[in-house]
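# Understanding the architecture of this molecule
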Amino acid sequence: MKKLLILFMPFFMVCCKSKKQPPLSYSAQRDSIVALTVQLKTPELFDSSTLQAKWDALAGLGKRFKWDGIDSNFRSFIAINDVAGDLLWKKNRKECIDYFHNVTQYESTLQSDTLPRYFWNNFYKLTAEAFSFQYNENIVTDFERCYFIQQHNQWLSPKKYFNTLQNLGISYHILGEKNKALNYYSLALHVAPLTNNPNDDIASASINRYGYFLEYNQPDAVIAHAPTVLMLKNVDLKRIAMIKAYYAEALYATNDPLYSIQLHEALDSLQKIPQDEVDEDILGKKSDVLKLYGNIYLLEKKYPTAIVFYKNALDTCLKKNDSSYKDRSYGKLLLKLAAVYDSLGQYDTALYYSQFALASVTQTDKASIASNPALTELYPENTIMEALDSKARLLEKKYLYAKDSSLLKNAITCYELSFAVEQKLLDNFTYDDSREHMQQVSKARSGRAINACYQLYALTGENIWAEKAFRFSENSKALILLEAIKKNISKSENKDNPFFKRVDSLRLQLAYTERLLFEEKKGDSTVMARKDVLKKALDDALTDLDNRGLGYKKYQQAENTDLLGDLRKKLLTDNRYLAEFFWTDSNRYLFVVKKTGNLVFKQLDNHVAQSIEGLMRFFTGKDQQESKDYKEAAYQLFQASGLAATLDAKELLIIPDGPFNLVPFDALVTKNDGNSGYISMDYLFFKITTSYGYSATSLLKQTDNHKTGNGPAVAFAPVFDAGERNMRPLRNSKAEVDSIDVQLRYIGNQSTVGNLRQSFATAGTIHIASHASADMGTDGNPKIEMYDSAFYMNELYATSLLHTNLVVLSACQTNQGNINQSEGTLSLARGFYYAGAKNIVASLWNVDDKSTAKMIQLFYKSNKGVNYAAKLRDAKKIYLSSQGPGGKIAPYYWAALMHIGGFDQPEANNYWWIYVTGAALLLALGFLYQKRRKRLG
């Protein structure tokens, strides 16, 4: 007993620890605040020092003020903003910020009209004064609060509202959240005619939009709009100059020879401004115009001339900043110079300018390439990311001739820091297409970083470089899908919240509107206008969520986890490995992660692409091609893929990439011996059960989905027996659906899009036997054909299937689609996984409906429980063994079906706490039993 007391003593000490003294009571705080506020209402009775003392006392109380509702005393406390005046605004900015944030953090529980007009005008004033044309999350949040209140009460003047919209657009443009940036820029252009100087504000709003259009390769939008704005009267000369500059850049981008005239006019307009009227803004515009000249000469490879203009732009930017180089615009100009010297092969000079650029936006030594910012000092700014990427690339180039491994190590550090900045940027993104744009840069960075790691791995043999390379691979994979999984889990925690419901409703309405555009195959103006209205409403609803502290941002934060440790703990076993491919045009790698031991880190031969092409030609039609040729191609790819390192596993999680997304890994051949018949080949799936994922991190995150899928099993088979909608009949599909154990069957004309949507609300299993199309066009919107119309993938992006445990897509091409370099195949299967379904069975090509129906029946009859990958493997094995002479035994007939979603978690990882708790209870009961026996004895 004494030992037990000693064991639990720390627990009792914590529980019995004395509590802190309670804060001042509400009434005591209120009385103090009221007294001070009354005194401050007559500030003429005090000199500035006394007024300052009163303010300090009030601010100190305000930080501790706990209110249980809004009353007249609290309104008096708010009145300090009118009393304080400009003097206290400037001298007590920090206290003002603390005060406003103290009030507005409770905004989700307040009605917007509770706080008086002057509160929000002062709140706007503080935010506007703090804005510095650099992204700052707190300021953006504050501007969004102003925007939110304006939507409900219109308490800001048109000019203040215009500035709010402009500043939000600039902030999100800097951040890279392009949809929000354009939305706010467009709103500002809409509000500009209501201000006191409408033409000048229209020009100002247009400039920001033109910068956006040029950055995202839409020069035609500038060419169409700029001439009209240039004809407006009463527009500031510096705005005219910038519009001319952007117009010139747009003309240059479209190969219009008139660009040079417009660019010269822009610079001439700025130079004609009287010297006594030249301010920071004008100097900034002049620097931008000079940079445009430099950009044009850089593209034309006229490097000496480009250097002259960039250095002139730097000098002008330095004057704008009062000789301070700590400015993002200055940093971007330095990066331009680095790019010029990189093109000239002068890597040391280029590296100097990259380091200088990094020092312009972080606390680093501009003269030392060994100096990098601390992880804790990073913030969401794409100039930091660009400078780190530029520096890392140049360090790698210098390594080629210096052969100093410290250069590669420094480059890897830069890549790690760059990814950290990227995550900070992504955490603030709302729209998937903004993330997709970011990932195009991310994938290229990952390739360079992995290549640097491989060189160090080959040089030192140290496993740390393999582990870093695996992390870099994951940094560029399926980030949009990962955020979708996080959002789905967060939505399940807030499923009854009306604000979340509004967002979901708007997403669905937008999906239905896009559906109309897909079906019409043309841009109907009414439907397009409806789409724009819905996008604006959705953006406002998401902003509303953030303002109420309910937004997705807090669910999107990256977990600071030990990825390899968590994979080994939660997903892998002694007999279950993970094989992840990484593919770019110049880099192909394989990682194999096991429960214990070092990673396999293998660089794949460039001929692997030819091996994939050689195998995939066997799956373009049903013709029984020569089995010997198939065997050689399948064995060659098995060898080239590096998967021989996994043959001692029983289960294999595969994360494909690039062309590997098309490969039926089950049909690879592990031996090239004398047996050449299709039925006797040593297929990989005979040895290993395979399952697929989009990234290791998304598979890991999906383990947080604890929904069990207890809803009904629902099956759909439109059949198209009479060729409805010009569809080929699928008569085997009815027998397929009839043979499986489901609660609800929708056959023929009951298999409608409406019934499919309705099933999403409760179904634990969804089975669809129909036609499907991958839609490999530019827009890429795969669809499933139902009896009445098509169901498009984009609707899945607005659907929640978190409770759905299994989706079986018994149709053609359900895991085909455009291959995104980071997200993988943009297929129907991915759409269902994006919506939250945990397990997907899908197909890689146009399947044979009879053989597929047979395998699906076998799949459902398997006794492997919820190990769907094992069930599918059993079905394939039994199907092959059941085929007689002349049967459909070529891999074309059975290898298309694949399982996506990983395996169940290892049992020991799921239930260890139950065993520990049970053991503890048994020990406790045993102790009590023995104690009772002694007493009775």
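Above this text is the structure in question.
If you're wondering where the values come from, they're calculated on a predicted model, not measured in any experiment.

### Observations regarding the overall build of the protein
Assigned secondary structure in the protein consists of 38 helices and 16 strands. Looking at the protein as a whole, 54% of its 937 residues qualify as buried. Per element, the accessible surface of the protein, about 41,400 Å² overall, is 52% carbon and sulfur.

### Overview of the pattern of salt bridges
On inspection of all chains with the given rule, the structure shows 26 salt bridges. Note that Lys783 and Glu785 form a salt bridge whose closest N and O atoms lie 3.7 Å from each other. Connected through shared salt-bridge partners, Asp389, Glu422 and Arg445 make up one network.

### Brief notes about the sheet that holds strand E9 (residues 772-773)
Read from one edge of the open sheet, three strands run E9-E10-E11, paired in antiparallel fashion. Whereas interior strands pair on both sides, the edge strands pair on one side only; in this sheet they are E9 and strand E11 (790-792). In this sheet, E11 lies alongside strand E10 (residues 783-785) in antiparallel orientation, the contact comprising three bridges. Of the residues in E11, the one forming a bridge with Ile784 is Phe791.

### Considering the packing of aromatic side chains
One pass over the full model with this rule turns up 44 aromatic pairs. Through pairs of rings, three or more aromatic residues link up here, namely Phe618, Phe619, Tyr630, Tyr678, Trp845, Tyr892 and Tyr893. In this structure, Arg588 packs its charged tip against the face of Trp583, placed 4.2 Å from the ring centre.

### Some points on the packing of helix H12 (residues 219-230) against helix H13 (residues 237-253)
Between H12 and H13, whose axes approach to 9 Å, the crossing angle comes to 145°. You can see that H12 and H13 cross each other, and the crossing is left-handed. Seen from H12, the contacting residues are Pro219, Val222, Ile223, Ala226, Pro227, Val229 and Leu230; seen from H13, they are Ile240, Ile243, Lys244, Tyr246, Tyr247, Ala250, Leu251 and Ala253. A per-class count over the contact of H12 with H13 returns 14 nonpolar, no polar and one charged.

### Some words on the pairing of strand E5 (residues 689-692)
Residues of E5 alternate between two faces, with Thr689 and Ser691 on one and Thr690 and Tyr692 on the opposite face, all of them buried. As defined by bridge partners, strand E4 (residues 651-655) adjoins E5 across four bridges and the pair is classed as parallel. Residue pairing in the sheet places Leu653 in a bridge with Ser691 of E5.

### Considering helix H36 (residues 868-882)
The end-to-end C-alpha separation of H36 is 21 Å, in line with the 21 Å expected for 15 residues at 1.5 Å each. In terms of burial, H36 is largely enclosed, as 11 of its 15 residues are buried. Of the residues making up H36, those classed as buried are Tyr868, Ala869, Ala870, Lys871, Leu872, Arg873, Asp874, Ala875, Lys876, Tyr879 and Leu880.

### Re unusual backbone geometry
Phi is positive for Asn234, close to 60°, though the residue is something other than glycine. Tracing the backbone shows Asn234 in the loop between H12 and H13. Asn234 sits in the exposed class, given a relative accessible area of 65%. You will see that Lys301, though not glycine, has its phi angle at about 60°, which is positive. Relative to the helices and strands, Lys301 is located in the loop between helix H15 (280-299) and helix H16 (303-320). For Lys301, a relative accessible area of 61% puts it in the exposed group.

### Notes on the environment of Ala895
Mapped onto the fold, Ala895 is located in the loop between helix H37 (891-894) and strand E16 (897-900). Ignoring sequence-local partners within four residues, the contact set of Ala895 consists of Pro664, Ala667, Trp845 and Lys876.

### Remarks on the packing of H13 against H15
Packed helices, taken two at a time, are described by the angle their axes make and the gap between the axes. Taken N-terminus to C-terminus, the directions of H13 and H15 make an angle of 15°; their axes are 10 Å apart at the nearest point. For the element pair H13 / H15, the angle class is roughly parallel. H15 is crossed by H13, and the crossing has left-handed handedness. Of the residues in H15, those touching H13 at Lys238, Met242, Ala245, Glu249 and Tyr252 are Asp281, Ile282, Lys285, Asp288, Val289, Leu292, Ile296 and Leu299. Considering only residue class, the contact of H13 with H15 consists of eight nonpolar, no polar and five charged.

### So, the nonpolar core
With 234 residues, the main nonpolar core has Phe470, Tyr630, Phe660, Phe665, Phe832 and Ile840 as its most contacted residues. Discounting chain neighbours no more than four positions away, the residues touching Ile840 are Val807, Leu809, Ala829, Phe832, Tyr833, Met898, His899 and Ile900.

### A word on the environment of Ala870
Here Ala870 is to be found in helix H36. Exposure remark for Ala870: the relative accessible area of 10% places this residue in the buried category. Note: C-alpha distance between Ala870 and Ile688 (182 residues apart in sequence) is 9.4 Å. With residues up to four places along the chain from it excluded, the contact list for Ala870 reads Thr689 and Lys864.

### A short note on the side chain of Asn475
The residue Asn475 is located in helix H22 (residues 463-475) in this model. Given the relative accessible area of 16%, Asn475 is considered buried. Here Asn475 is in contact with Phe419, Glu422, Ser442 and Ser446, once residues within four sequence places are set aside.

### Here we look at the environment of Ala511
Within the secondary structure, Ala511 sits in helix H24 (residues 498-520). It is 9.8 Å that separates the C-alpha atoms of Ala511 and Leu534, two residues lying 23 residues apart in sequence.

### Some details on the pairing of E4
Burial of E4 is extensive: five of the five residues sit out of reach of the surface. Looking at chain direction, strand E1 (residues 576-583) and E4 are connected through five bridges and run parallel. Bridged to Leu578 within E4 is Leu653.

### So, the side chain of Thr690
Considering the arrangement of structural elements, one finds Thr690 in strand E5. Not counting residues up to four positions away in its chain, the partners in contact with Thr690 are Leu652, Ile654, Asp666, Ala869 and Phe903.

Conventions adopted
Residues numbered from 1 in each chain as written. Predicted model: local features only at pLDDT ≥ 70, side-chain atom pairs only at ≥ 80, totals over all residues. Heavy atoms only, no water. Helix = DSSP H or I, 4+ residues; strand = E, 2+ residues; numbered from the N terminus. Buried < 20%, exposed > 50% of the residue type's maximum accessible area, 1.4 Å probe, protein only. Areas by Shrake-Rupley, 256 points an atom, 1.4 Å probe, with all protein chains shown as cover. Salt bridge = Lys/Arg side-chain N within 4 Å of Asp/Glu carboxyl O. Pairing = 2+ DSSP bridges. Phe/Tyr/Trp six-rings, centres within 6.5 Å; stacked < 30°, edge-to-face > 60°. Lys NZ or Arg CZ within 6 Å of the ring centre and 35° of its normal. Axes fitted to C-alpha atoms, helices over the stretch in contact; angles between N-to-C directions. Left-handed = near helix turned anticlockwise from the far one by under 90°. Contact = heavy atoms within 4.5 Å. Nonpolar A, V, L, I, M, F, W, Y, C, P; charged D, E, K, R; others polar. Expected span 1.5 Å × (residues − 1). Parallel < 35°, antiparallel > 145°, perpendicular 65-115°, else oblique. Core = buried A, V, L, I, M, F, W, Y, C linked by side-chain atoms within 4.5 Å.

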